[in-house]
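An overview of the molecular structure
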Amino acid sequence: MNNISFIFPSIDILQAYYGHIKGVYGDHFPKFPPHIFNFTADYLPLILEIPKLGTEVYVLDYNSIVEIFFQGTNVVAGVDHPMHLHGHNFYVVGLGMGNFEPEKDPLGYNLIDPPCMNTFTLPKNGWSAIRFQADNPGVWFMHCHLDRHLSWGMEMVFIVRDGDYLDERMLPPPPDMPPC
């Protein structure tokens, strides 16, 4: 995602976050892909098939409203991707075919009665836009539900920071929780 293949660290990200263990993950997941190109072209440069490897997370403030658009591509013989977010439901506010056009496509978003889901299909050579409220503090995985794509690193992690009040904070692990 955004040309980063996710690498699972040797220590669980939740454990590292909660225990303030440094060096397990980076918090510089990019907001945009490093290269903007015709994502739906029939022939794409080989360099686009070689992602950066990393364990980068995207940190969200508690209760922030998050909008993400996903672009389906032809990179590595593109297919539809069933994308799933743990810890939150979201609204699918838009979808279409071709390259997402940020000046035009949001004007057609369904903001009246969008479907509420936790998994959606990103079409090959199409796009989907989702919105959710980051109101569940913790470490949350977002990934393609195709096992082969998981092994390729088609996933990322959101960390939702604690809120100001006790009921807006991540609970501590139970004392009898077995180690990972």
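Some thoughts on the nonpolar core
In this structure, F70, F120, I130, F132, M142 and F158 are the most contacted members of the largest nonpolar core, which totals 22 residues. Only strand 4 (65-71), strand 5 (81-85), strand 6 (90-97), strand 8 (119-122), strand 9 (126-133), strand 10 (138-144) and strand 11 (155-160) provide two or more residues apiece to this core. Those residues in contact with F120, other than ones at most four positions away along the chain, are F70, H81, P82, M83, F90, V92, S128, I130 and M142. F6, I13, V57 and F141 belong to the second largest nonpolar core, which has seven residues in total.

Here's the deal with the packing of aromatic side chains
Ring pairs (aromatic) are described by centroid distance and by the angle formed between their planes. Applying the stated criterion to the full structure yields 10 aromatic pairs. Taking the centre distance of 5.6 Å and the plane angle of 90° together, the rings of F90 and F120 count as edge-to-face. Residue F90 is found in strand 6, and its partner F120 is found in strand 8; the two are separated by 30 residues along the sequence. According to the relative accessible area criterion, F90 is buried, its value standing at 0%. Chaining the aromatic ring pairs together yields one cluster made of F6, F8 and F141.

Comments concerning the sheet that holds strand 10
Across the sheet, five strands lie side by side as 3-11-10-5-8; this open sheet has mixed pairing. Only two strands of the sheet have a single neighbouring strand rather than two, namely strand 3 (57-60) and strand 8. When the angles between neighbouring strand axes are averaged without regard to direction, this sheet yields 20°. Where strand 3 and strand 11 come together, four bridges link them in parallel fashion. Bridge pairing in strand 11 links V59 to I159.

Some remarks on the environment of V93
Positionally, V93 belongs in strand 6. With 24 residues separating them along the chain, V93 and F69 place their C-alpha atoms 9.6 Å apart. Setting aside chain neighbours within four positions, we find V93 in contact with Y109, N110, L111, P114, A129, I130 and R131.

Description of the sheet that holds strand 6
Taking strand neighbours across the sheet as the criterion, the four strands line up as 4-9-6-7 in an open arrangement whose pairing is antiparallel. Two strands bound the open sheet, and with one partner strand each, they are strand 4 and strand 7 (116-117). Relative to strand 7, strand 6 runs antiparallel, the two sharing two bridges. The residue of strand 7 that forms the bridge with Y91 is C116.

Quick notes on the rules
Residues numbered from 1 in each chain as written. Predicted model: local features only at pLDDT ≥ 70, side-chain atom pairs only at ≥ 80, totals over all residues. Heavy atoms only, no water. Core = buried A, V, L, I, M, F, W, Y, C linked by side-chain atoms within 4.5 Å. Buried < 20%, exposed > 50% of the residue type's maximum accessible area, 1.4 Å probe, protein only. Helix = DSSP H or I, 4+ residues; strand = E, 2+ residues; numbered from the N terminus. Contact = heavy atoms within 4.5 Å. Phe/Tyr/Trp six-rings, centres within 6.5 Å; stacked < 30°, edge-to-face > 60°. Pairing = 2+ DSSP bridges. Axes fitted to C-alpha atoms, helices over the stretch in contact; angles between N-to-C directions.

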